[in-house]
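# Survey of secondary and tertiary structure
Here is what each chain is made of, one letter per residue.
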Amino acid sequence: FNSTFSIIEAIRLFSPKTKLVYASSSMVYGNFSSPIVDENESTGPISAYGAAKLSSEILVKGYNRSYGVESIIVRPSAVYGPADINQRVVQRFLSQAIDGEALSVNDGSLVLDFTYVEDIANGFSKAVSYLNASRDIHDVFNITSSDPKSLLEVVNEMQSYFSDIEVELKDREAGVPTRGGLDITHAKKVLGYAPKYNFSEGLRKYISIEKGFRK
């Protein structure tokens, strides 16, 4: 939150024509009310991370209304792909599989909208282009694959590449909401965003690249 405030306050004071694309998170929704949610879903984060992201969203929106700072908020979900070093779930599973370790699964029924990193990058690029071409704008977009999978479905996909891996099932961690897929209709219509990868395609490319790095 503090870094977002510093950036947007600097825009207000020193560069009022600068426009902002804020990287938020699907965690701002908290527990999803349905399997697929759009940007009008009520927000109610249950983790500190989600609360911080929502606080920054409110700040960005407030600066648009009060000072005319033009902005777009992007809500990604469960990003995965090459160079991920944040121990997100797909990166963690893949690292464990390559190292011959058991996959540690916290609640196999948990559903996430896993999104390949190239699609996220494309979504941000589309947001920047739209923002640059527009005036007096503030908008919010889900940018995901819209191809949700449960953690057990992810494990099954992984086992097609690593047939001998074992699985350790555990309870869901505290602060992890019940999630699902994100409706990207708004991003498709307004930004012209279209994800290139479903989960199977993205995972195949990710594994191929990571195995190449390990040689």
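Residues numbered from 1 in each chain as written. Predicted model: local features only at pLDDT ≥ 70, side-chain atom pairs only at ≥ 80, totals over all residues. Heavy atoms only, no water.

### Here's the deal with the overall build of the protein chain
How we decide: Think of it this way: any DSSP run of H or I at least four residues long counts as a helix, any run of E at least two long counts as a strand, and we number them from the N terminus. Radius of gyration here uses only the C-alpha atoms, and the compact-globule reference equals 2.2 Å multiplied by the residue count raised to the power 0.38. Throughout, exposure labels follow a simple rule: accessible area from a 1.4 Å probe, protein chains only, divided by the maximum for the residue type, with under 20% read as buried, over 50% as exposed, and the rest as partly exposed. Contacts are assigned to residue pairs that have any heavy atoms within 4.5 Å of one another. Method for areas: the Shrake-Rupley scheme with a 1.4 Å probe, in which residue coverage is limited to the protein chains shown. His is not counted here, nor are the chain ends, while Lys and Arg score as positive and Asp and Glu score as negative. Working definition for charges: the position is that of NZ of Lys, CZ of Arg, CG of Asp or CD of Glu.
Counting its regular elements, the protein chain contains seven helices and eleven strands. Relative to the compact-globule value of 17 Å for 215 residues, the protein chain shows a C-alpha radius of gyration of 18 Å, a close match. A buried classification covers 45% of the 215 residues belonging to the protein chain. Of all intrachain contacts in the protein chain linking residues separated by at least 6 positions in sequence, the fraction that spans at least 24 positions is 82%. If you sum the accessible surface of the protein chain, you get close to 10,700 Å²; carbon and sulfur atoms cover 49% of it. Once the 23 positive and 26 negative side-chain charges of the protein chain are each reduced to a mean point, those two points are 7 Å apart.

### Re a nonpolar patch on the surface
Here is the rule we go by: A residue counts toward a patch only above 30% relative accessible area and without a salt bridge, and it is joined to like-charged neighbours within 9 Å or, for Val, Leu, Ile, Met, Phe, Trp and Tyr, to nonpolar neighbours within 5 Å. Whenever a carboxyl oxygen of Asp or Glu lies within 4 Å of a side-chain nitrogen of Lys or Arg, that contact is scored as a salt bridge.
Taken together, the side chains of L152, V167 and L169 define a hydrophobic patch exposed on the protein surface, amounting to about 250 Å² of accessible area. On the secondary structure map, V167 appears in strand β10 (residues 167-170). On the basis of relative accessibility, which here comes to 32%, the residue V167 falls in the partly exposed class.

### Brief notes about the sheet that holds strand β3 (residues 71-75)
Applied cut-off: Strand pairing is defined by DSSP finding a minimum of two bridges between the two strands. Each axis is a line fitted through C-alpha atoms, and for a helix only the stretch in contact is used; angles between axes span 0 to 180 degrees, taken between their N-to-C directions.
Judged by pairing direction, the sheet is parallel, and its three strands sit side by side in the order β1-β3-β8 without closing on themselves. The sheet terminates laterally at β1 (20-23) and β8 (138-142), the two strands that pair on one side only. Neighbour-to-neighbour, the strand axes of this sheet turn through a mean angle of 20°, independent of strand direction. Two strands pair when backbone bridges link them, and β1 and β3 are joined in this way by four bridges, in the parallel orientation. In the sheet register, Y22 faces β3, and the bridge partner there is I73.

### Let's talk about the pattern of salt bridges
Applying the stated criterion to the full structure yields seven salt bridges. Across the pair K19 and E70 runs a salt bridge, and its minimum N-O distance is 3.7 Å. Of the two residues, K19 sits in the loop between α1 (2-14) and β1 while E70 sits in the loop between α2 (48-67) and β3, which places them 51 residues apart along the sequence. Relative accessible area serves as the criterion here: at 24%, K19 is assigned to the partly exposed category.

### Here's the deal with the packing of helix α3 (residues 89-98) against helix α5 (residues 151-159)
Stated formally: When the near helix sits turned anticlockwise from the far one by under a right angle, the crossing is termed left-handed; a clockwise turn instead gives a right-handed crossing. Classification used: nonpolar for Ala, Val, Leu, Ile, Met, Phe, Trp, Tyr, Cys and Pro, charged for Asp, Glu, Lys and Arg, polar for all others including Gly.
Here α3 crosses α5 at 35°, and the two axes come no closer than 11 Å. With respect to the hand of their crossing, α3 and α5 are arranged in right-handed fashion. Note on element contacts: α5 touches α3 through L151, V154, V155 and M158, opposite V89, F93, L94 and A97. Class assignment of the residues belonging to the contact of α3 with α5 gives a composition of eight nonpolar, no polar and no charged.

### What about α1?
Our working definition: Expected span of a helix, by definition, is 1.5 Å for each gap between consecutive residues, and there is one gap fewer than residues. To be clear, the arc concerns the directions from the helix axis to the C-beta atoms.
In a regular helix each residue adds 1.5 Å, so 13 residues correspond to 18 Å; α1 covers 18 Å between its end C-alpha atoms and thus fits that length. Among the residues making up α1, those that are buried are T4, I8, E9 and I11. Projected down its long axis, α1 carries its buried residues within an arc of 150°, all on one side. For α1, the exposed residues set more than 90 degrees away from the buried face come down to N2 and F14. Residues of α1 that are buried sit in contact with β1 and α2.

### Describing the packing of aromatic side chains
Note the threshold: Two rings belonging to Phe, Tyr or Trp (six-membered ring only in the last case) form a pair when the distance between their centres is within 6.5 Å. Interplanar angles under 30 degrees mark stacking, angles over 60 mark edge-to-face geometry, and anything in between is tilted.
With the rule as written, the count across this model stands at eight aromatic pairs. Aromatic side chains Y63 and Y67 sit 5.2 Å apart centroid to centroid with 55° between the ring planes, which places their arrangement in the tilted category. Taken together, the residues span about one helical turn, with Y63 and Y67 both in helix α2 at a distance of four residues. For Y63, a relative accessible area of 8% translates into the label buried. Using a relative accessible area of 48% as the deciding quantity, one classes Y67 as partly exposed. Among the aromatic side chains, those forming a connected cluster through ring pairs are Y80, F114, Y116, Y197, F199 and Y206.

The values reported here are purely geometric and, on their own, carry no functional implication.
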